[in-house]
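Here are the chains, one letter per residue:
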There are 2 protein chains.
Amino acid sequence: MREVAIVAAGMTRFGELWESSLRDLFAEAALEALGAAGVDRVDSLYVGCMSAGQFVGQEHLGPLMADQLGMAGVAATHVESACASGGVALRSAFIEVASGMSDLVLAAGVEKMTDGADVTAVLATAADQETEAYHGITFPGLYAMIARAHMQSKGTTEEDLAWVAVKSHRHGALNPKAQFRREVKLEEVLNSSMVADPLRLLHCSPVSDGAAAVLLCPLADAKKYTDRPVRIRASGLATSTMALADRKDPSFLDAVQLSAERAYRMAGVTPRDIQVAEVHDCFTIAEICCIEALGLVPTCSGRHAARSGETALGGRLPVNPSGGLKSKGHPVGATGIAQAIEIFEQLRGEAGARQVKDAHLGLTQNMGGSGASSVVHIFERA
Amino acid sequence: MREVAIVAAGMTRFGELWESSLRDLFAEAALEALGAAGVDRVDSLYVGCMSAGQFVGQEHLGPLMADQLGMAGVAATHVESACASGGVALRSAFIEVASGMSDLVLAAGVEKMTDGADVTAVLATAADQETEAYHGITFPGLYAMIARAHMQSKGTTEEDLAWVAVKSHRHGALNPKAQFRREVKLEEVLNSSMVADPLRLLHCSPVSDGAAAVLLCPLADAKKYTDRPVRIRASGLATSTMALADRKDPSFLDAVQLSAERAYRMAGVTPRDIQVAEVHDCFTIAEICCIEALGLVPTCSGRHAARSGETALGGRLPVNPSGGLKSKGHPVGATGIAQAIEIFEQLRGEAGARQVKDAHLGLTQNMGGSGASSVVHIFERA
């Protein structure tokens, strides 16, 4: 396999972007990435998107987006893994470049969620239709059950969860692309309206529009496009049971652990080598479960990490310096690529007020559903 | 890149399979393929499906299907390119094996179309939502315009179109997996009810349920799983404008030509070397346009091919010996894989009454929408 690098990135602001359509969002992010590398053609492109079909009545996103970029003709593929669609698009692009099939590949993610669809119902189609969604459970409901299980088995408290939101918003306030650029106080989180006990409004990532794109090429060619490429050291993808009830311990995200193990093995690194991470905090409890499953903190100690400052900017291992899904926003198909962009900028020393000092090695973890799919990438300053 | 082979295949019957759900169909095809190779695990799997989200309210098909096979944990990815979703799933699996990332990869396609959704409206989401679908055009309407343009520029007649249906049904009558196992007479086609002038009912592929799966591995390992592997010599993917109106000549499928050029170049063969082909005849006119764009017959002579017997079993170059989408059925996400299975069986000499004598080199062409995406694979008896 060839070594692969990211050489450019582009991203829209995340938020309720009423004035932009699905294709507008994609084109804005993609053209920014292409412009940064000084190219107007690629060999192939991948579109990560969960469900433009249900959200805006549009399937067949590969040719649509190629056409929208003025590149009709180019190979183009849409990949979907619910909220991990962006991460899986990055993985597909990585494999295509690594294989030698293509030299310059765009990996982009997009979601347009605010066009009138019943968002909660559409998102529920990422759960098991027959055993979960059909019976009325929603994702806040599923993650509330994960939270309750975590509280019971590991002693996590509502205040532990709330500290994750406080940290995320503190980071997001520093991110010009974030949907919510404001800090929240612990009391605000604890007193926000209940969504699915014990998860309150400020434990939940928002409904968002947005797009993000990165440009990949063989590491050997990277200096043609940038003087600061970032190498993709590894890609790990794993699945778990679709239905939460089929897992031995609902508070343990086994697909996250397995995807991370595959990535650590491929990169030849350990969790202790990671200096900055973006993880999938669709709900505050998810960040706690993920950092445990990734091995970034010991099991049962995830609940202390935000409160103690360990995972805050300036702490031992900053997690979600971008503000995470919670504060930056979560246009589901775009999230995995946006995570990669945060690490790309961190490793290039371009993260401004959010910069993690001397970061050389970073990780992203993006997951779908209640953790039925998870994809981990490890990046290194080249 | 490593050489890649198909070593096993499995496929459901195509038809209105009321008693089988989306996951049932997938599992039946996948387990048949795994059983044929004598394995119960793979490294990775791909699911080609256009829109289970809209058809049956289920996204996140990668982990769902991995779980359904008892393989929760395995890497799994859903790819979509409208009616070319199966072909693109095969391409993705091919690239993953070629790259060295994985050794044993399942590429499967599935669609469950008869569960009550408004099928014509769902399929229309593969067209350009803003400039086509929103204004009420359907796929029969788009292909009717392609047919009219072909009639005007190349002299094609209603009878030419009807001969394609006669040939397809003659082939399909020999295929135990086909939805319509009966021949039709020219008069029946010409007198069938009008759908979108000049396309009548018997010019249109049906609404179908079904699934198909193939197992891929490095050619060097193929003899572990079968004594008759089939090598994938090439994969070409291309796009065109999303909207039919944006093309210079609506009767010329430029993405089909471009995807074929890429595949011929990769394989180092010419159209004259192809001995059997499965092409995307979602409507009779599509087969005529495709064999022209693939270079299998000269431009302007596609209209004669079915009538003259050139593309019939026993002719110079049998096209759609399976019965094609027209007679075999068209569960859209499964079609691209089912095409590959027909060629796999032809090259192994297992096609029974449909066998093309001494076939060594075969081709599949699968497309999405009105030809906005097209994927071509070339296969060789290994």
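(A) Inspection of the overall build of chain A at higher detail. Across its full length, chain A carries 13 helices and 11 strands. Since a compact globule built from 382 residues should have a radius of gyration of about 21 Å, the 19 Å found for chain A is in line with a globular shape. Judged by the C-alpha coordinates and their principal axes, chain A covers about 50 × 45 × 35 Å. For chain A, buried positions account for 69% of its 382 residues. Accessible area for chain A stands at about 11,600 Å²; split by element, carbon and sulfur atoms hold 49% of it. Each charge class in chain A was averaged separately, 34 positive and 44 negative side chains, and the resulting centres sit 6 Å apart.

(B) Highlighting the state of the cysteines. Residue and element names in this part refer to chain A. According to the stated counting rule, one finds zero disulfides over all chains in the structure shown. There is no disulfide at Cys290, and the cysteine sulfur nearest it, in Cys289, is 6.8 Å away. Taking the relative accessible area as the measure of exposure, Cys290 reaches 0% and is therefore buried.

(C) Representation of a negative patch on the surface in the model. Residues and elements named next belong to chain A. On the surface, a cluster of negative charge is made up of Glu19, Asp24, Glu28 and Glu32. As for its placement among the helices and strands, Glu19 is situated in the loop between β1 (4–11) and α1 (22–37). Its relative accessible area of 59% is what places Glu19 among the exposed residues.

(D) Focus on the relation of the copies chain A and chain B. Its rotation angle being 180 degrees, the transformation that places chain A on chain B also includes 0.0 Å of axial translation and leaves an RMSD of 0.0 Å. Taken together, the rotation angle and the small translation identify this as a two-fold axis. Identified as the residue of chain A closest to the rotation axis by C-alpha distance is Ser99(A), at 1.9 Å. Take the interface residues of chain A: 100% of them recur as interface residues in chain B, which is what a same-surface contact looks like.

(E) View of the pairing of strand β8 (residues 230–239) of chain B. Residue and element names in this part refer to chain B. Within β8, nine of the 10 residues are buried, which leaves the element mostly enclosed by the surrounding structure. Pairing between strand β1 (residues 4–11) and β8: three bridges, direction antiparallel. From the neighbouring strand, Ala5 faces β8, where its bridge partner is Arg231. Both β8 and strand β11 (residues 373–381) contribute to a ladder of nine bridges, which runs antiparallel.

Rules and cut-offs
- Residues numbered from 1 in each chain as written.
- Chains lettered and ligands numbered in written order.
- Predicted model: local features only at pLDDT ≥ 70, side-chain atom pairs only at ≥ 80, totals over all residues.
- Heavy atoms only, no water.
- Helix = DSSP H or I, 4+ residues; strand = E, 2+ residues; numbered from the N terminus.
- Rg over C-alpha atoms; globule rule 2.2 N^0.38 Å.
- Buried < 20%, exposed > 50% of the residue type's maximum accessible area, 1.4 Å probe, protein only.
- Areas by Shrake-Rupley, 256 points an atom, 1.4 Å probe, with all protein chains shown as cover.
- Lys, Arg positive; Asp, Glu negative; His and termini not counted.
- Charge placed at Lys NZ, Arg CZ, Asp CG, Glu CD.
- Disulfide = S-S within 2.5 Å.
- Patch = residues over 30% accessible without salt bridge, like charges linked within 9 Å, V, L, I, M, F, W, Y side chains within 5 Å.
- Salt bridge = Lys/Arg side-chain N within 4 Å of Asp/Glu carboxyl O.
- Least-squares fit on C-alpha atoms with pLDDT ≥ 70 in both.
- Contact = heavy atoms within 4.5 Å.
- Pairing = 2+ DSSP bridges.

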